[in-house]
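# Understanding the architecture of this molecule
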Amino acid sequence: MRTLLSRARTWRATTRPARTRRAEKRRAGPRRAAAVVGSPLQLLLLACSFALAGYAGVRLLADDRFGVALWFVGAAVLHDLVLLPLYAVVDRGVVRAFGAAGHRERTMYVRVPAALSALLLLVWFPLISGQVDRRYRMATGLPADGFLARWLLITAVLFAGSALLFVLRLLRVLRLRRATKDRPPVVH
Amino acid sequence: MGRGPCQGLFPAYGRAMRDHASRLPTSPGFWRSPLRGPGFTSVLGLVLLVGITVLFLTGLLSYAAYNPGLSPVNDKTPDKGILGFYLFDWPTGPHWLYRLTQGVHVTLGVTLIPVLLAKLWSVVPKLFALPPARSLAHALERLSLLLLVGGALFEFVTGVLNVQLDYLFPGSFYPLHFYGAWVFFAAFLAHAALKTPAAVRNVRRMREEREAPARGLEGAEEMDGAEEAGGELISPRPDPASVSRRGALWFVGGGSLLLFGTTAGRSFDGPLRRTAVLAPHGGADPGSGPNGFQINKTAAYAGIGAAETDEDAWRLVVTGRTGTVRLGRSELLQLPSHSAALPIACVEGWSTSDQWWRGVRLRDLAALVGFDADPPDVFVESLQRHGAFRHAALRANQVADPRSLLALAVNGEDLSPDHGYPARIVVPAAPGVLNTKWVARMTFGDL
């Protein structure tokens, strides 16, 4: 943690050294105008980007202006203000729970399988939830009812693997501890 | 309404405000993860820089593979304007070309999802950063980030839904994914141009720090002038770490590996396909025997009944320079027969291994209606009454290829109804939907 803090300090310190700040004050007039506008190269680049995005954007919005805009902006809002806070809060809860039990370092044994399982559910939700069951079966001639079972199986394997790893590591630690304890005092 | 509760609050006001402030996401102290920082973000950013560039290029190739410039029936985005500037005649070789480019497009896209999510997580404090704008350029950059994040999520969500046949999005997939890609890529280019130099510096610095930890401070000196390098992502009051930065990167990579491992197999037949346990068209094949391989749309789904494909009812109508010829299936079987080993490769990213097709060459059918030496384009119509690709146009180079067939049999057996009985098109390197099934009419001539 101390290294992290010092890292943060170094980063900040190196971004605006005192010398630069004094120089900025001296040339405040034209500098202030430049600061309000920003880098001209950056402006030019962004203008190009917006022009291209606008050209494609009017075509994207041509058919269902409201619906597409809703999806476009809604995707960002839903991710940043719902999905991310949700999993961050759940994760913090798990870390706290392990911390309260005095085993904060064991968080990863739950975090990894849970996150991987959630990731699979997120990506393949339409198939796993069965909401495209009928269309999938009709169109492809393939059964559509195995996805939930397979996802559950994968989840079980992930948690079981994590548990196995945890037990193996615990056993190794215990064996090491016993070995040190059993050693005759001469060796110390 | 007594004043009681307020008394005694004022001395603690300053501290309360500070505590309160760190409860708001606009305060840097709100963000507690010790993982966030320029290093973590830069590694993920560089992976996405390469990955998304490949996604965009393979996407453009897929668009070209439909030959949208050839005929309105192939073109789901007629208003594309200059966005089709690069279009070219899609080649017929190597015969696995579309299978490769589209397999990479979809499998890589699915694989990058954890990287995208981790990248967005790593920079989320910036979404709430105050002041909203330090300058005009900064304000525009933040606006551009809406296009970047919204665009990325829009592209990934429409793609992931489409491969699962979950058509929730507002409109046809083709224009949404195509125009959306250009909006996203416009913002992506600007973002990459503004951030890549700093990201490369950060990663180089991380490597130097790892190789010579004692020289860490010297490395920091080199960072001078790289103000936007992401130092503000470092939490001012981080929680104790529950995982190292390297561990977190392995975690993201593990997520990608899991998705890759459960998706990639659907580009192959046999035991490899069985490894794609959660992906559509993964797992087992729909049937066994010569016609057992993957089906895009079954006959029942396309509304094709036995009455129309019956030996007595079905006639192929071929039109060309010298008029119209009507051929029954038995007459087609008497024409010179050729075979070709070609895959079915779908825009959804799945494909089959090479199947052994047998039938009449398209150029022989062209010769039948007066195009002896110079096979032209062809307009193919299916018996299907609905579906976006019941009509398809093939270009002259596709018609001329000796492997392009009107197939009547596959793997040594008559086509099954689901694979297009009585006759279907197969063209090397073409997207699956241009391999029209249940063909009813073929019109040769320049389109």
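Use the structure listed above.
These notes cover the structure that comes with them. Owing to the predicted nature of the structure, the values given are computational and were not obtained by experimental measurement.

A few words now on the overall build of chain A. In terms of regular secondary structure, chain A is built from 9 helices and 0 strands. Secondary structure elements of chain A, listed N to C terminal, follow the sequence α-α-α-α-α-α-α-α-α. Burial analysis of chain A (188 residues in total) assigns 27% to the buried set. Across chain A, every contact between residues at least 6 apart in sequence was considered, and the portion connecting residues at least 24 apart equals 34%.

So, on to the overall build of chain B. A tally of helices and strands in chain B yields 13 helices and 10 strands. Of all 447 residues assigned to chain B, the portion counted as buried reaches 56%. By sequence separation, contacts in chain B at least 24 residues apart represent 71% of the contacts at least 6 residues apart. Accessible surface, chain B: about 18,700 Å² in total, of which carbon and sulfur atoms supply 62%.

What follows concerns the packing of aromatic side chains. Applying the stated criterion across every chain, the model contains 23 aromatic pairs over all chains. Plain terms: the ring middles of Phe72(A) and Phe154(B) are 5.3 Å apart, the flat faces sit at 40° to each other, and that makes the pair tilted. With Phe72(A) in helix α5 (residues 65-100) and Phe154(B) in helix α4 (residues 136-163), this pair bridges two chains. Each member of the pair, Phe72(A) as well as Phe154(B), carries the same accessibility label: buried. Ring geometry for Phe85(B) versus Trp182(B): centroids 6.5 Å apart, planes at 65°, classification edge-to-face. With Phe85(B) in the loop between α2 (38-65) and α3 (97-127) and Trp182(B) in helix α5 (residues 173-211), this pair connects stretches of sequence that are 97 residues apart. Assessed through its relative accessible area of 7%, Trp182(B) is described here as buried. Through successive ring pairs, a cluster of aromatic residues spans Phe56(B), Phe85(B), Tyr86(B), Trp182(B), Phe184(B), Phe185(B) and Phe188(B). The residue whose ring lies beneath Arg36(B) is Trp121(B), and the NZ or CZ to ring-centre distance is 4.0 Å. Lying over the aromatic face of Phe389(B), Lys76(B) brings its terminal NZ or CZ to 4.4 Å of the ring centre.

Of the residues lining the interface, 97 residues belong to chain B; the matching set on chain A comes to 71 residues. Buried area between chain B and chain A, both sides added, is near 7,400 Å², and the carbon and sulfur share of it is 74%. Of all residues in chain B, Gln164(B), Phe251(B) and Leu278(B) bury the most surface against chain A, accounting for 10% of the area lost on that side. At the boundary of chain B and chain A, one finds 18 residue pairs in polar contact (both at pLDDT 80 or more). Mapped onto the side of chain B that touches chain A, the elements with two or more residues apiece are α3, α4, α5, α6 (216-222) and α7 (245-261) of chain B. The residue inventory of the side of chain B that touches chain A, partitioned by class, reads 63 nonpolar, 20 polar and 14 charged.

Residues and elements named next belong to chain B. Put simply, α2 and α5 touch, their axes get as near as 8 Å, and they point 145° apart. The handedness of the crossing between α2 and α5 comes out as left-handed. Looking at the contact of α2 with α5 residue by residue, the classes come out as 20 nonpolar, 5 polar and no charged.

Compared with an ideal rise of 1.5 Å per residue, which puts 39 residues at 57 Å, α5(B) spans 48 Å between its outermost C-alpha atoms and falls more than 12% short. Maximal helix bending in α5(B) amounts to about 45°, located at Lys195(B); proline Pro197(B) follows within four positions.

So, on to a positive patch on the surface. Residues Arg92(A), Arg96(A), Arg23(B) and Arg237(B) make up a contiguous surface patch of positive charge. Mapped onto the elements, Arg96(A) comes out in helix α5. Judged by its relative accessible area of 55%, Arg96(A) falls in the exposed class.

Let us look at the pairing of strand β7 (residues 405-410) of chain B. On a regular strand, one side chain projects to one face of the sheet and the next to the other, so that they alternate. Residue and element names in this part refer to chain B. Buried residues dominate β7, accounting for 6 of its 6 residues. As paired strands, strand β4 (residues 355-361) and β7 are joined by 5 bridges and run antiparallel to one another. Directly across from arginine 361, in β7, lies its bridge partner leucine 405. Where β7 lies against strand β9 (residues 424-426), 3 bridges are found, and the strand directions are antiparallel. Bridge pairing links alanine 407 to arginine 424 in β9. As paired elements, β7 and strand β8 (residues 413-414) share 2 bridges and run antiparallel to each other. If you follow valine 410 over to β8, its bridge partner there is glutamate 413.

All names here are of chain B. Here leucine 130 and proline 131 are connected by a cis peptide whose omega angle stands at -5°. Tracing the chain through its elements places proline 131 in the loop between α3 and α4. For asparagine 67, which is not glycine, the phi dihedral falls at a positive 50°. Tracing the backbone through its elements, the reader meets asparagine 67 in the loop between α2 and α3. Overall, the relative accessible area of 1% leaves asparagine 67 in the buried class. The residue asparagine 411 is not glycine, and still its phi comes out positive at about 50°. Within the secondary structure, asparagine 411 is located in the loop between β7 and β8. Owing to a relative accessible area of 27%, asparagine 411 belongs among the partly exposed residues under this scheme.

Let us look at the side chain of Arg36(B). Residue and element names in this part refer to chain B. For arginine 36, the position within the fold is in the loop between α1 (13-21) and α2. We note that arginine 36 is buried and unpaired, the nearest opposite charge coming from aspartate 239 at a distance of 9.0 Å. A distance of 3.0 Å separates a polar atom in the side chain of arginine 36 from the backbone oxygen of tryptophan 121. If near-sequence neighbours (up to four positions away) are discounted, arginine 36 is found in contact with Trp31, Trp121, Ser122, Val124, Pro125, Leu233 and Ile234.

Counting residues in each nonpolar core, the largest one holds 136 residues, and the members touching the most others are Trp124(A), Trp357(B), Leu406(B), Met442(B) and Phe444(B). Tallying contributions element by element places α3(B) first for this core, with 13 residues. When sequence neighbours within four positions are dropped, the list of residues in contact with Leu406(B) reads Leu316(B), Leu332(B), Gly359(B), Val360(B), Leu362(B), Leu365(B), Ala423(B), Arg424(B), Ile425(B), Val439(B) and Met442(B).

Residues and elements named next belong to chain B. Using the criterion set out here, one finds 14 salt bridges over all chains in the structure. The partner of glutamate 209 in a salt bridge is arginine 205, and the shortest N-O contact between them spans 3.4 Å. Residue glutamate 209 and its partner arginine 205 are located together in helix α5, separated by 4 residues, close to a single helical turn. The exposure class of glutamate 209 is partly exposed, given its relative accessible area of 25%. On the accessibility criterion, arginine 205 (8% relative accessible area) is buried. Here the residues in one salt-bridge network are Asp269, Arg273 and Asp285, joined through shared partners.

Rules used in this analysis
Residues numbered from 1 in each chain as written. Chains lettered and ligands numbered in written order. Predicted model: local features only at pLDDT ≥ 70, side-chain atom pairs only at ≥ 80, totals over all residues. Heavy atoms only, no water. Helix = DSSP H or I, 4+ residues; strand = E, 2+ residues; numbered from the N terminus. Buried < 20%, exposed > 50% of the residue type's maximum accessible area, 1.4 Å probe, protein only. Contact = heavy atoms within 4.5 Å. Areas by Shrake-Rupley, 256 points an atom, 1.4 Å probe, with all protein chains shown as cover. Phe/Tyr/Trp six-rings, centres within 6.5 Å; stacked < 30°, edge-to-face > 60°. Lys NZ or Arg CZ within 6 Å of the ring centre and 35° of its normal. Buried area = accessible area lost by both parts, 1.4 Å probe. Polar contact = N/O pair within 3.5 Å; in protein donor to acceptor, adjacent residues only side chain to side chain. Nonpolar A, V, L, I, M, F, W, Y, C, P; charged D, E, K, R; others polar. Axes fitted to C-alpha atoms, helices over the stretch in contact; angles between N-to-C directions. Left-handed = near helix turned anticlockwise from the far one by under 90°. Expected span 1.5 Å × (residues − 1). Bend = angle between axes of the 7 residues up to and from the residue. Patch = residues over 30% accessible without salt bridge, like charges linked within 9 Å, V, L, I, M, F, W, Y side chains within 5 Å. Salt bridge = Lys/Arg side-chain N within 4 Å of Asp/Glu carboxyl O. Lys, Arg positive; Asp, Glu negative; His and termini not counted. Charge placed at Lys NZ, Arg CZ, Asp CG, Glu CD. Pairing = 2+ DSSP bridges. Core = buried A, V, L, I, M, F, W, Y, C linked by side-chain atoms within 4.5 Å.

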